[in-house]
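Chains, contacts and geometry: an overview
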Amino acid sequence: MPVLPGAEPYRHEGGEVGVLLCHGFTGSPQSLRPWAEHHAAHGLTVSLPLLPGHGTRWEDMQLTGWQDWYAEVDRELQLLGDRCSRVFVAGLSMGGALALRLAAKEGERIAGVVVVNPANRVHGLSAYALPVARHLVRTTKGIASDIAKGGPAELGYDRVPLHAAHSLRVFLRRLDGELPQVTQPLLLLRSAQDHVVPAADPARVLSRVSSRDVTEIVLEQSYHVATLDHDADRIFEESLAFIGRLAPSVGKEGTAAVG
C-alpha cells in the first residue's frame, strides 16, 4: 500500500551527532516531523523512520507486531552509529518505549535518551481480554490526535487493530523488566493532561530506570501528542539543550539545509 501523504520517513545528513526519533502506536513520522526538522536545522544527523504497518491503513498494521517495530528502529540506530560519533534516541508514547529499549540493549552506544509521554502499559480491564478478544474483534476506536491546540491533526489510524494492541501489551510488559538496564542520561517530558497515557506510566519509567542524570519536565499546555501541541517548541528546545550539554559540539558546526 502507498504511504499516506505526510507519513513518509525523514532523514537528514548533518554533523557527527545523530538523533533517532521514534513515532507512536498507530501514528506516523508526521507527529515528530517538526521536531526532526528543528534538530536538522541545528546541524544534527536525524533519522525518523516509518514503523512497519504504520502510515498506510490499519489492516497493514494488523499483520505486524512489536518485533517488527523494534527491528526497524534498531536498524536505523545501527546506521546512525556507523555515521555518527555520538547517537541519541528519542520518542513519543510507544516511540518512547522503543527508545528506552534501545537504551537498555545498546548501553554505551547511546549517549542519552529523550522521551515524551512514554507508554509503560496497556491500561483498563479490556487489556486483559486482548489475548482472546483479538480473535473475535478486529479493531477498537483510535487514539490519534489527542491535541489541545487547534489546527492540523495527527496523521494516525482511526482504528486500533487488536492483534497489534496485544503485541504492544506484550512488548511493554517485557520492557518494564528491562528498564533497570537504562543507565544513560534521561530527559522525560510529560503532559499534565494526557488522555492516552496516564501519569502513572512516566512515573513508572522514572522509578525503574537506573539513570542518575534524570530531568523531568511537565508540559502544562499540551495533551498526549505534545510534539504537535502548544509545548512543541519547548520540547524541541529542551531536547536540543539536553543533547548539547552531553555533546558540546552541537550547534558549533553551523546550520545545515533541511532535506
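Everything quoted here is computed from the prediction, not taken from an experiment. Along each chain, residue indices are assigned from 1 in the same order as the chain's sequence is written. Two thresholds apply to this predicted model, a pLDDT of at least 70 for residue-level local features and 80 or more for giving and counting side-chain atom pairs, whereas whole-chain, interface and lining totals are computed over all residues. By convention in this description, side-chain values take in all heavy atoms of the structure and omit both hydrogens and water.

1. As for the packing of helix H3 (residues 66-83) against helix H6 (residues 162-178)
With their axes 8 Å apart at the nearest point, H3 and H6 run at an angle of 65 degrees to one another. Listed contacts from H6 to Trp66, Gln67 and Trp69 of H3 are Ala164, Ser167, Leu168, Val170, Phe171 and Arg174. Note on residue categories: nonpolar means Ala, Val, Leu, Ile, Met, Phe, Trp, Tyr, Cys or Pro, charged means Asp, Glu, Lys or Arg, and polar means any other residue, Gly included. Here the contact of H3 with H6 is built from residues that sort into six nonpolar, two polar and one charged. Angles shown run from 0 to 180 degrees and are taken between the N-to-C directions of axes, each axis being a line fitted to C-alpha atoms and, for helices, limited to the stretch in contact. Numbering of helices and strands runs from the N terminus, with a helix taken as a DSSP run of H or I at least four residues long and a strand as a DSSP run of E at least two residues long. We call two residues contacting when some pair of their heavy atoms lies within 4.5 Å.

2. Observations regarding the nonpolar core
The nonpolar core is taken to be a set of buried Ala, Val, Leu, Ile, Met, Phe, Trp, Tyr and Cys residues, with the residues joined through side-chain atoms within 4.5 Å. A simple rule labels every residue: compare its accessible area, found with a 1.4 Å probe on the protein chains alone, to the largest value its type can have, and call it buried under 20%, exposed over 50%, or partly exposed in between. The biggest cluster of nonpolar side chains holds 43 residues, and the ones touching the most others in it are Phe25, Trp69, Leu100 and Val113. Contributing elements (two or more residues each) for this core: strand S2 (17-22), helix H2 (58-61), H3, strand S4 (86-92), helix H4 (94-106), strand S5 (112-116), H6 and strand S8 (186-191). A total of eight residues in this core trace back to one element, the largest contributor, which is H4. Setting aside its immediate chain neighbours within four residues, Leu100 contacts Val113, Val115, Pro118, Leu175, Leu179, Val182, Leu186 and Val205.

3. Regarding the UniProt feature "site: Important for substrate specificity" (unreviewed entry) in the protein chain
On the UniProt side, "site: Important for substrate specificity" (unreviewed entry) is annotated at positions that read Ile143 here. Within the secondary structure layout, Ile143 lies in the loop between strand S6 (139-141) and strand S7 (159-161). A residue is classified by how much of its surface remains accessible, and Ile143, at 34% relative accessible area, is partly exposed. UniProt positions are given in the numbering used here, feature names are shortened, and annotations may be inferred rather than shown by experiment.

4. A closer look at the pairing of S4
For S4, a buried count of six out of seven residues is recorded, marking the element as mostly surrounded by other parts of the structure. We treat two strands as partners when DSSP finds at least two bridges between them. Both S4 and S5 contribute to a ladder of five bridges, which runs parallel. Across the sheet, residue Phe88 finds its bridge partner in S5, namely Gly112. The crossover handedness rule: strands pointing away from the viewer, path from first strand over the helix to second strand clockwise, crossover right-handed. The β-α-β motif built from S4, the intervening H4 and the parallel element S5 has right-handed crossover chirality.

5. Quick look at the pattern of salt bridges
Whenever a carboxyl oxygen of Asp or Glu lies within 4 Å of a side-chain nitrogen of Lys or Arg, that contact is scored as a salt bridge. By the definition in use, this model includes 15 salt bridges. We note a salt bridge from Asp60 to Arg57, for which the minimum N-O separation is 3.5 Å. Here Lys105 makes a salt bridge to Glu178, at a shortest N to O gap of 3.5 Å. Of this pair, Lys105 sits in helix H4 while Glu178 sits in helix H6, placing them 73 residues apart in sequence. With relative accessibility at 43%, the residue Lys105 sits in the partly exposed group. Salt bridges sharing partners connect three or more residues here, namely Arg11, Glu72, Arg75 and Glu76.

6. Side note on H4
To estimate how far a helix should reach, multiply one less than its number of residues by 1.5 Å. Helix length check: H4 (13 residues) gives 18 Å between terminal C-alpha atoms against 18 Å at 1.5 Å per residue, within 8%. What H4 keeps buried is the set Met94, Gly95, Gly96, Ala97, Leu98, Ala99, Leu100, Arg101, Leu102, Ala103, Ala104 and Glu106. Phi turns positive, to about 55 degrees, at Gly107, one or two residues after H4.

7. A few points about the packing of aromatic side chains
Only Phe, Tyr and Trp rings are paired, with Trp represented by its six-membered ring, and only when their centres lie within 6.5 Å; those with planes under 30 degrees apart are stacked, over 60 edge-to-face, the remainder tilted. The final tally for this structure, using the stated rule, is three aromatic pairs. Judged by centre distance (5.8 Å) and plane angle (70 degrees), the rings of Phe25 and Trp69 are edge-to-face. Residue Phe25 is found in the loop between S2 and helix H1 (33-41), and its partner Trp69 is found in helix H3; the two are separated by 44 residues along the sequence. By relative accessible area, Trp69 is classed as buried at 0%. Ring geometry for Trp66 against Phe171: centres 5.4 Å apart, planes inclined by 25 degrees, an arrangement best described as stacked.

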